[in-house]
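# A structural walkthrough
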Amino acid sequence: MSDASGMMTAANMTVDGDRLWDSLDQMAQIGPGIAGGSNRQTLTDADAEGRTLFQRWCEDAGMTMGVDRMGSMFMRHEGTEPDLDPVYIGSHLDTQPTGGRYDGVLGVLAGLEMIRSIRDLGIRTRRPIVVTNWTNEEGARFAPAMLASGVFAGVVTEDYANSRQDADGKRFGDELDRIGWRGTEAPGDRKIHAMFELHIEQGPILEAEGKQIGVVTHGQGLWWLQVTLTGKDAHTGSTPMAMRVNAGLGMARIIEAVDRIAMEHQPDAVGAVGQANLFPNSRNVIPGKAVFCIDFRSPDLDKLTSMRSRLEVEAAEIANELGLGIEIEPVGHFDPVTFDADLVGKVRGAAAKLGYSHMDIVSGAGHDACWIAKVAPTVMIMCPCEGGLSHNEAEAITSDWARAGCDVLLHAVLDAAEIVR
Ligand code: HGY
Ligand code: MN
Ligand code: MN
């Protein structure tokens, strides 16, 4: 465990990369996608099954479980001084409907691997270490994203979270009760000394730069704006063009405006519509209603604000030109995040000590860490993903990247949790 000088050296303190890779593979068997990825959406039976497997693995590693009223799981590895605020490692086990095997899951199972490894290495720490699975990070089934970590951080209420509905009208609260994973802890009661999240980059930068580790200094901000356009159902054949009140046309023009507005705010601005529905969605009916969600992001708060206000003006003009009713409802938001400088230093120092190539990076995706940064010192570590692809079943990483990320997590967390010699 230590070299002749008694110092903990990088060479002899590393995780079991094969065991981590095997855990990722076993978890991917639960809620499999149709093309090799994952479909383990939040609060489904597959989510429940994945939670139970994670709980068993953690309890086999001597950890004890706590669950809060949002279903977030807190698996505790004891420290020599149990009263000290723990160091948290967290991410999410829920996936997109056509998601990858590693988005979120790497961060949770790397936390488990870290505990397994320090037990193997006989390493004790002053502070307890808690590995967390945050409920509903993705926001795919129940908007918004990062819902349970948002409740934990006091950004949204439990009532708001419990009331969220999926496309079938099922309530978050009812589904959480149905799968039997509503705990008794009040969300946010736990005190966090430091929170670390390991996550795949979900973008192309690290791979393109040939870096093994991303030291995440900041996270982009986000607006999710749900737009409802109201026109008039009518026959696509017999209705003269001048008489049409076509919500589908309005949606098309607004989607184009989203892309143009994002391009006009370059660099460091993105915009798209990923979810869209036409009603009645019949081949020969002019859609009298369109409902779609705009996703704007930027690390620059002024740009983020400007994109939203530009869109609201232009969407109103488009609706007016076409005689459409329009309603724009914000259904998700967080400002750009600056992660804790001291923890960023710990991550950068761990990567350097281990000899892993690394670079500072801004997270393009949102993560639970973005909310937890509001209530505790927080930082993220990233590993590359092939082609920068994510939220796609073809999402892929290498086992070397996974192990490197987990090694950096191990060293950075032990730095914060304080090894007992
Ligand atoms: O939307 C996001 O950035 C995250 O994947 N939930
Ligand atoms: Mn994620
Ligand atoms: Mn995701």
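In short, a report on the structure.

Reading the values: the criteria
Residues numbered from 1 in each chain as written. Chains lettered and ligands numbered in written order. Predicted model: local features only at pLDDT ≥ 70, side-chain atom pairs only at ≥ 80, totals over all residues. Heavy atoms only, no water. Helix = DSSP H or I, 4+ residues; strand = E, 2+ residues; numbered from the N terminus. Buried < 20%, exposed > 50% of the residue type's maximum accessible area, 1.4 Å probe, protein only. Contact = heavy atoms within 4.5 Å. Areas by Shrake-Rupley, 256 points an atom, 1.4 Å probe, with all protein chains shown as cover. Lys, Arg positive; Asp, Glu negative; His and termini not counted. Charge placed at Lys NZ, Arg CZ, Asp CG, Glu CD. Disulfide = S-S within 2.5 Å. Near = heavy atom within 4 Å. Polar contact = N/O pair within 3.5 Å; in protein donor to acceptor, adjacent residues only side chain to side chain. Nonpolar A, V, L, I, M, F, W, Y, C, P; charged D, E, K, R; others polar. Pairing = 2+ DSSP bridges. Axes fitted to C-alpha atoms, helices over the stretch in contact; angles between N-to-C directions.

### Describing the overall build of the protein chain
- A tally of regular secondary structure across the protein chain gives 12 helices and 15 strands.
- Each principal axis of the C-alpha distribution contributes one length, and for the protein chain these read about 85 × 45 × 35 Å.
- Looking at the protein chain residue by residue over its 421 residues, the buried ones come to 54%.
- Counting only contacts in the protein chain whose residues sit at least 6 apart along the sequence, the fraction spanning at least 24 positions is 79%.
- Surface summary for the protein chain: the accessible area is close to 16800 Å², and the carbon and sulfur share equals 49%.
- For the protein chain, the distance from the average site of its 37 positive side-chain charges to the average site of its 60 negative ones is 2 Å.

### A look at the state of the cysteines
- Inspection of every chain in the model, using the stated rule, returns 0 disulfides.
- C370 supplies the cysteine sulfur nearest to C293, a cysteine that is in no disulfide, at a spacing of 17 Å.
- Residue C293 is classed as buried on the basis of its relative accessible area, which comes to 11%.
- With no disulfide of its own, C385 has C383 as its nearest cysteine by sulfur position, at a separation of 7.2 Å.
- Here C385 falls in the buried class, since its relative accessible area comes to 0%.

### So, unusual backbone geometry
- Here the residue pair Q266 and P267 is connected by a cis peptide bond, since its omega of -5° sits within 30 degrees of zero.
- With respect to the helices and strands, P267 occurs in the loop between α8 (247–264) and β9 (270–279).
- With an omega of 5°, the peptide bond running from F279 to P280 counts as cis.
- Take P280: it is sitting in the loop between β9 and β10 (285–286).
- Although it is not a glycine, Q202 sits at a positive phi angle of roughly 65°.
- Looking at Q202, the relative accessible area reads 17%, which means it is buried.

### Digging into the site of ligand 1
- The local shell around ligand 1 consists of E137, E138, A145, R297, A365, G366 and H391.
- At a separation of 3.0 Å, a nitrogen atom of ligand 1 approaches a polar side-chain atom of E137.
- H391 has a polar side-chain atom sitting 3.2 Å from an oxygen atom of ligand 1.
- About the coverage of ligand 1: the protein hides 95% of its 220 Å² of free accessible area.
- In terms of residue class, the shell around ligand 1 is made up of 2 nonpolar, 2 polar and 3 charged.

### Some words on the sheet that holds strand β12 (residues 325–334)
- Taking strand neighbours across the sheet as the criterion, the 4 strands line up as β9-β11-β7-β12 in an open arrangement whose pairing is antiparallel. Of all the strands in the sheet, just β9 and β12 have a single pairing partner and so form its edges. The mean inter-strand angle of the sheet, taken between neighbouring strand axes irrespective of direction, is 15°.
- Helix α9 (residues 301–322) rests against β7 (221–230), β9, β11 (289–298) and β12 of the sheet, and its axis sits at about 155° to β11.

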